[in-house]
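Each chain is listed here by its residues.
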Amino acid sequence: MVSDLRTRTIVGVALITMALGALLAGGIIFWLLLVVAGVLMQGEWGDLTRATAEQRKAAMFSISIPLALLCPLAAGIDWPVLIAGAAAFFFIAFTSRNIVLALGVPYICIPVTALLFLRGQPPYAYGLLLAFWALGLVWATDIGAYFAGRSIGGPKLAPRISPSKTWSGLAGGVLAALMLGFLLHRFAGLPIQLAAASGLLAVAAQLGDLLESAMKRRAGVKDSGTMLPGHGGVLDRLDGVVAAAPLAALCYILLAQAV
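Below is a summary of the structure that appears in this document. The model shown is predicted, which means the values in this text are computed figures rather than measured ones.

Definitions and cut-offs
Residues numbered from 1 in each chain as written. Predicted model: local features only at pLDDT ≥ 70, side-chain atom pairs only at ≥ 80, totals over all residues. Heavy atoms only, no water. Phe/Tyr/Trp six-rings, centres within 6.5 Å; stacked < 30°, edge-to-face > 60°. Helix = DSSP H or I, 4+ residues; strand = E, 2+ residues; numbered from the N terminus. Buried < 20%, exposed > 50% of the residue type's maximum accessible area, 1.4 Å probe, protein only. Core = buried A, V, L, I, M, F, W, Y, C linked by side-chain atoms within 4.5 Å. Contact = heavy atoms within 4.5 Å. Polar contact = N/O pair within 3.5 Å; in protein donor to acceptor, adjacent residues only side chain to side chain. Expected span 1.5 Å × (residues − 1). Salt bridge = Lys/Arg side-chain N within 4 Å of Asp/Glu carboxyl O.

Another aspect to go through is the packing of aromatic side chains. Using the criterion set out here, one finds seven aromatic pairs in the structure. Seen in terms of ring centroids, F90 and F94 are 6.4 Å apart; in terms of plane orientation they differ by 25°. Their pairing is stacked. With F90 and F94 both in helix 4 (residues 79–96) and four residues apart, this pair spans about one turn of that helix. By relative accessible area, which is 44% here, F90 ends up partly exposed. For F94, a relative accessible area of 64% corresponds to the exposed category. Grouped by ring-pair contacts, the aromatic residues F89, F90 and F94 constitute a single cluster.

Attention now goes to the nonpolar core. The nonpolar side chains of soluble globular proteins are, as a tendency, buried together. Grouped together as the largest cluster of nonpolar side chains are 75 residues, with contacts concentrated most on L67, L115, W133, L137, L190 and L194. Each residue touching L67, except ones within four places of it in the same chain, is listed here: W31, V35, G38, V39, C109 and V112.

Let's shift gears to unusual backbone geometry. Among all residues save glycine, negative phi is the norm, and among peptide bonds the norm is trans. The omega angle of the peptide bond from P122 to P123 is -10°, so this bond is cis rather than trans. Within the secondary structure, P123 is located in the loop between helix 6 (104–119) and helix 7 (124–152). In this structure, R50 takes a positive phi of about 60° despite not being glycine. Tracing the backbone through its elements, the reader meets R50 in the loop between helix 2 (27–48) and helix 3 (53–69). Given a relative accessible area of 59%, R50 falls into the exposed group.

By secondary structure assignment, the location of Q121 is in the loop between helix 6 and helix 7. Of the residues examined, Q121 reaches a relative accessible area of 15% and is grouped as buried. Polar contacts involving the side chain of Q121 include one to the main-chain carbonyl oxygen of F117, which spans 2.9 Å. Of the polar contacts made by the side chain of Q121, one reaches the side chain of Y252; its length is 3.2 Å. The residues touching Q121, leaving out its near neighbours within four places in the chain, are Y126, G127, L130 and Y252.

A few words now on the side chain of K216. The residue K216 is located in helix 9 (residues 192–219) in this model. With relative accessibility at 11%, the residue K216 sits in the buried group. For K216, the side chain forms a polar contact with the side chain of D236, separated by 2.9 Å. Aside from chain neighbours lying at most four places away, what touches K216 is L48, V221, K222, D223, S224 and D236.

So, on to helix 3. For helix 3, which comprises 17 residues, the first-to-last C-alpha distance of 25 Å matches the rise-based estimate of 24 Å (1.5 Å per residue) to within 8%. Listed as buried for helix 3 are A59, M60, S62, I63, P66 and L67.

A word on the pattern of salt bridges. Side-chain pairs of opposite charge can arise where the charged atoms are in close proximity. With the rule as written, the count across this model stands at six salt bridges. The salt bridge involving R237 is made with D142; its shortest N-O contact spans 2.5 Å. Highlighted residues: R237 in helix 10 (residues 234–258) and D142 in helix 7, separated in sequence by 95 residues. In this structure R237 comes out as buried when scored by relative accessible area, which is 18%. With a relative accessible area of 19%, D142 lands in the buried category. A salt bridge links K165 to D209; its shortest N-O distance comes to 3.2 Å. Note that K165 is positioned in strand 2 (residues 162–166) and D209 in helix 9, a separation of 44 residues in sequence. With a relative accessible area of 14%, D209 lands in the buried category. Three or more residues are tied together by salt bridges with common partners; here these are E212, K216 and D236.

Any functional reading would require information that these geometric values do not contain.
Rendered as structure tokens:
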């Protein structure tokens, strides 16, 4: 138990450090990190959908095209990315005859686009704050849920999907996300509306976690991969971000329109 927690903590800190470095750099560095993560996620998604090795490789190549177009030196967040994403989806669906495998394209491309959108908001410091908020609240949710669930326990949240998750863990995750949101409001200038939305995004992050757990249960595996000791695969580490990032971008867009 202690050894597992130590390994999980070391790997988690290393991942957060790498993400923070890319966040600070922004631009191509942040995009490159997201592209690498996205392609790896598509590979793990292929494993969860029981795709063949050839189908899995084809899907990874296909999703790399819209992800590449998101580069700041290419199309960026514009119509060509949407067209390429739709083409990748239909190509994978028709060639593999596996619609679930093809659904990996929107599942991955939408949150990647959302994070790049938030990070790209001017000025530099504000875009950094928005992207950090979207990622940080997921980290806070995971930490709060882990320790609240371990220390309090209680009724299970969704025992048929993820037996280890509890309602107390969900509450702890929401509380931790709200605390981070209001700290960012107080000390970094995050709009109060976005700080208050942190709790909603924490719930979305937990739902994203449950969706991936359902996929793993369907595939009959414990983790989506083995790349990250103590965390499983890249999908295991980013399942909450997949759900929270698009909602964070939507909250920001609605706030911008309301101002």
